[in-house]
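Commentary on secondary and tertiary structure
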Amino acid sequence: MTVPPVFVATARCVWQWEWQRLMAGLAPADKQGNYQRRATQFSGAPLAAALEAASNPAGRLCLIVGRSCPWAHRAWLLWCLRGLSDLIELVIVEPDPKAGRWVFQEPVLGCEALIDLYSLCGANQDCRATVPLLFDPGNALIKPRILNNESAELIELLNQLSSTILDAPDLAPVAYREELTNLLSLMQNDINDGVYRCGFARNQLAYNKAEQALFAALAILDTNLTSQGPWLCGAALSLADVRLFPTLIRWEQVYAPLFGCSRAPLFSFPGLWAWRARFLALPGVAATCFPAAWRRDYFGALFPLHPSSIIPAGPETAIQLQNLVQAQIDL
């Protein structure tokens, strides 16, 4: 039986109204419908003070990350590239989409969920329990505390912590400081946050604005890499590379199909395509990448964007694609 047009129109109106309500809980927006990232409670401390606290912990520091979170991926990469495993324990939390929270595989200080650890460390009642999180578990005399949970600040902190490995890279080279600052600003606004501004836009105008800025920024980086690579700042690996990689390695798996970042495939940017292969080939980086988990957590958990919760098979994994490209580069 054909559904009467009036029923179809009514259903569309009801769903649009409910979708706006669901999106308000998932991702706040301004009056023009542009996605606005929430601030975090444990951020903003001067870097010197944070470095002092992290260098003199009461107990062994813990870095808490989730496999699917690109912001946590940044910190995980720093932990890996700078060889911080002897100084900082890595703890991986898993998503619980039904409850909308992160949970520990094994309890930490008696806490089953990340929100419980936040509460234990004195977080505000309305504080969102996010990753990444640098955490000092304390001891018998000193209470546990959260040192930082803002990814951009956290990776700067991890970059300055002393490493036990020889020749641990400094990913904020003084010689590239001005260029690095400009790159980080461009990437954070138009690429790292840009994919979310596309996916979480409330209307067509907001989406168009974010999508155009995203691809314009990608074009700038692609041109720079083609002319002055191999890394974003030129000869030296930097925090800019670390902050770009988690976004671009998820491109085919999540952002193009789910967030509407599909104007052009990443391989149409040859500089970025080859750069991603080089970064993925760095020691330990591939072990931080979990395409199946990314698809599961994005498509399975972001109900307002994908109500069926059906997890697509996806294309060839980004890692397989990049292995093919790397073989070509080596030839």
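Residues numbered from 1 in each chain as written. Predicted model: local features only at pLDDT ≥ 70, side-chain atom pairs only at ≥ 80, totals over all residues. Heavy atoms only, no water.

Right, let's get into the nonpolar core. Here is a general trend for soluble globular proteins: nonpolar side chains tend to be buried in one another's company. Ranked by size, the top nonpolar core spans 102 residues in total, and within it I64, W251, F259 and F279 carry the most contacts. For this core, the element with the most residues is helix α3 (residues 70-81), which contributes 8 residues. Excluding residues that lie within four positions of it along the chain, F259 makes contacts with V195, Y196, C198, G199, F200, Y207, V254, Y298, L302 and L305. (Core = buried A, V, L, I, M, F, W, Y, C linked by side-chain atoms within 4.5 Å. Buried < 20%, exposed > 50% of the residue type's maximum accessible area, 1.4 Å probe, protein only. Helix = DSSP H or I, 4+ residues; strand = E, 2+ residues; numbered from the N terminus. Contact = heavy atoms within 4.5 Å.)

For the protein chain, per-residue confidence averages 90 on the pLDDT scale, and 95% of positions sit at 70 or higher. Highest mean pLDDT in the protein chain belongs to helix α9 (residues 239-248) (98); lowest belongs to helix α13 (residues 318-330) (49). A low-confidence stretch, residues 327-331 stays under pLDDT 50, and its non-local contacts, those more than four residues away or across chains, total 2 contacts. (pLDDT = per-residue confidence, 0-100.)

One pass over the full model with this rule turns up 8 salt bridges. The shortest N-O distance in the salt bridge between R101 and D96 comes to 3.4 Å. Residues D136 and R145 are paired through a salt bridge, measuring 3.4 Å at the closest nitrogen-oxygen approach. Given the relative accessible area of 1%, D136 is considered buried. (Salt bridge = Lys/Arg side-chain N within 4 Å of Asp/Glu carboxyl O.)

To continue, consider the sheet that holds strand β4 (residues 111-113). Strand order across the open sheet formed by 6 strands is β4-β3-β2-β1-β5-β6, with mixed pairing between neighbours. The sheet is open, and its two borders are formed by β4 and β6 (145-148), each paired with just one other strand. This sheet shows a mean twist of 35° between the axes of neighbouring strands, independent of strand direction. Across the sheet, α3 is in contact with β1 (61-66) and β2 (88-96); its angle to β1 comes to roughly 135°. Helix-sheet contacts for helix α5 (residues 151-160) involve β1, β2, β5 (133-136) and β6, and the interaxial angle to β5 is about 60°. (Pairing = 2+ DSSP bridges. Axes fitted to C-alpha atoms, helices over the stretch in contact; angles between N-to-C directions.)

Where α3 contacts α5, the two axes come as close as 9 Å, and the packing angle between them is 0°. For the element pair α3 / α5, the angle class is roughly parallel. Here W71, R74, A75 and L78 of α3 lie close against α5, whose contacting residues are S151, A152, L154, I155, L158 and N159. Broken down by class, the residue content of the contact of α3 with α5 amounts to 7 nonpolar, 2 polar and 1 charged. (Parallel < 35°, antiparallel > 145°, perpendicular 65-115°, else oblique. Nonpolar A, V, L, I, M, F, W, Y, C, P; charged D, E, K, R; others polar.)

So, on to helix α2 (residues 47-55). For α2, the full list of buried residues reads A50, L51, A53 and A54. The arc that holds every buried residue of α2, seen down its axis, measures 165°, which confines them to one face. Buried positions along α2 lie against β1, β5, β6 and α5. (Arc of directions from axis to C-beta.)

This part covers unusual backbone geometry. Here the bond from V131 into P132 is cis, since omega is 5°, no more than 30 degrees from zero. Its location among the elements puts P132 in the loop between α4 (114-120) and β5. Along the chain, G229 connects to P230 via a cis peptide bond; the corresponding omega equals 10°. Within the element layout of this structure, P230 appears in the loop between α8 (204-228) and α9. Positioned with a positive phi, L109 is a non-glycine residue whose angle comes to about 50°. Positive phi values are uncommon outside glycine, yet S309 reaches one of about 60°. One can find S309 in the loop between α12 (291-301) and α13.

Below, the discussion takes up the pairing of β5. Both faces of β5 are covered, namely the face carrying L133 and F135 and the face carrying L134 and D136. Pairing between β5 and β6: 3 bridges, direction antiparallel. Across the sheet, the residue bridging to L134 is N148, located in β6.

This part takes up the packing of aromatic side chains. Scanning the entire structure with this criterion turns up 18 aromatic pairs. Between W71 and Y196 the ring centres are 6.0 Å apart and the planes differ by 35°, which places this aromatic pair in the tilted class. Of this pair, W71 sits in helix α3 while Y196 sits in helix α7 (residues 194-199); the two residues are 125 residues apart in sequence, bridging distant segments of the chain. Neither residue differs from the other here; W71 and Y196 are each classed as buried. Three or more aromatic residues link up through ring pairs in this structure, and these residues are Y35, W71, Y196, F200, Y255, F259 and Y298. Positioned above the aromatic ring of Y196, the side-chain terminus of R37 is 5.2 Å from the ring centre. Looking at R67, its charged tip hangs above the ring of F290, at a distance of 5.0 Å from the centre. (Phe/Tyr/Trp six-rings, centres within 6.5 Å; stacked < 30°, edge-to-face > 60°. Lys NZ or Arg CZ within 6 Å of the ring centre and 35° of its normal.)

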